[in-house]
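Chain residues, written in single-letter form:
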Amino acid sequence: MRMPRLVSKKLQASDARHFVGDTMFDRCARATCAAGVNMPKKELLENWTLASMIHDRYWARAAAAARRRGRRAAPAPPTSAAPPARVVDVASGHGLLGWFLLALCAASRRPNVFAVDRRMPDSAAALRDSFGEAFPALPARHRYVVADAADVDARGGDTLVLALHACGGLSDLVIDAAVGGGASLCLVPCCHSLKTAKMAPERLAAARRAVDGGAGLDEALDGQRVAYLEERGMVVDATKLPEDITPKNTVLFAAPGVAAPRSRTTAVPIFGAAPRALPRPPSAWRSLT
């Protein structure tokens, strides 16, 4: 997957002519261009790469495991992990990450995607129209929610909370949402700062000592985030996006471990395949489109 050199710094509707293939990336790139939202071209690659990584980790692995079980004619073991039924994309901006993820998922395994941000930009509506035309089955699975990150309710055992380039303390709010709801997590932190991080004082102090000892600020803060997740019973896997796509490329995947606390509240209802409507959001979420 490469960006054609002729594409300008911001994607325009006319740039669709550069993505002429029949791959899923080309189809999604054409839909993104057709929306005419003048999106920086780097966001196309960042969102596509992370969506592909998430899909490979959850949906592709589950499909491969199902095929192996089918060959053995054996039932699924009780510990096998099903892909998330609900995805909550915090501080989603355009909402592009959710559209890419839905396009990558097979129809029978598509999650319900909630794109959450304080305001819904006009570009989000344009992308919804464009992806709805290119992929008619997807809009039933995608909903934009106007809400603060602190309002996110991730309770339920089949939810993935994700955020791409969550700035400063927003990364910590996303972590709290996942941990508090017993949900899985995919986080790409950004804009690391000791001033804006929303950690416990002792963790901030530990990060500051690490920086004073020669560690990079990103490494120090993300190290404390990993330590907090593990302390709360999460199994963490840290990986990277390609540096030529984004310099802020640390990806933290986390999932509740055996010892992780489980929510005792009623899980948010999840519809089966091809729903006519999406689940009602928590009351703290002010509006949705």
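Before any of the text, the structure's been laid out above.
Here the structure is a predicted model, which is why all the values come from computation and not from measurement. (Residues numbered from 1 in each chain as written. Predicted model: local features only at pLDDT ≥ 70, side-chain atom pairs only at ≥ 80, totals over all residues. Heavy atoms only, no water.)

Undergrad: Before we go on, may I ask you to explain the overall build of the protein chain in this structure?
TA: Scanning the protein chain from terminus to terminus reveals seven helices and eight strands. Taking all 289 residues of the protein chain together, the buried fraction comes to 51%. Relative to all contacts within the protein chain whose residues are 6 or more apart in sequence, the contacts with residues 24 or more apart total 73%. For the protein chain, the exposed surface amounts to about 14,000 Å²; the carbon and sulfur share of it is 53%. (Helix = DSSP H or I, 4+ residues; strand = E, 2+ residues; numbered from the N terminus. Buried < 20%, exposed > 50% of the residue type's maximum accessible area, 1.4 Å probe, protein only. Contact = heavy atoms within 4.5 Å. Areas by Shrake-Rupley, 256 points an atom, 1.4 Å probe, with all protein chains shown as cover.)

Undergrad: Honestly, the pairing of strand β2 (residues 112-117) in this entry has me stumped. Any pointers?
TA: It is a general feature of regular strands that their side chains alternate between the two faces of the sheet. Counted residue by residue, β2 has six buried out of six residues, so it is predominantly covered. In this region the chain leaves strand β1 (residues 86-90), passes through helix α3 (residues 96-104) and returns to the parallel neighbour β2; the handedness of that crossover is right-handed. Strand direction decides the pairing type here: β2 and strand β3 (residues 142-146), joined by five bridges, are parallel. Paired with A115 across the bridge in β3 is Y144. Regarding the hand of the β-α-β motif, the stretch spanning β2, helix α4 (residues 122-134) and β3 is right-handed. (Right-handed = clockwise from strand over helix to strand, strands pointing away. Pairing = 2+ DSSP bridges.)

Undergrad: Quick question: what am I supposed to make of the nonpolar core here?
TA: Core analysis: the largest hydrophobic core is formed by 43 residues, its most contacted members being L50, I54, F100, F131, C186 and V251. Within the residue set of this core, elements represented by two or more residues are α1 (24-34), α2 (41-72), α3, α4, β4 (159-167), β5 (184-190) and β7 (250-256). In terms of residue count, the dominant contributor to this core is α2 (nine residues). When neighbours within four sequence positions are excluded, F131 is seen to be in contact with C28, A31, T32, L96, W99, F100 and P136. By size, the runner-up hydrophobic cluster in this structure holds 25 residues, among which are V152, A177, A183 and L185. (Core = buried A, V, L, I, M, F, W, Y, C linked by side-chain atoms within 4.5 Å.)

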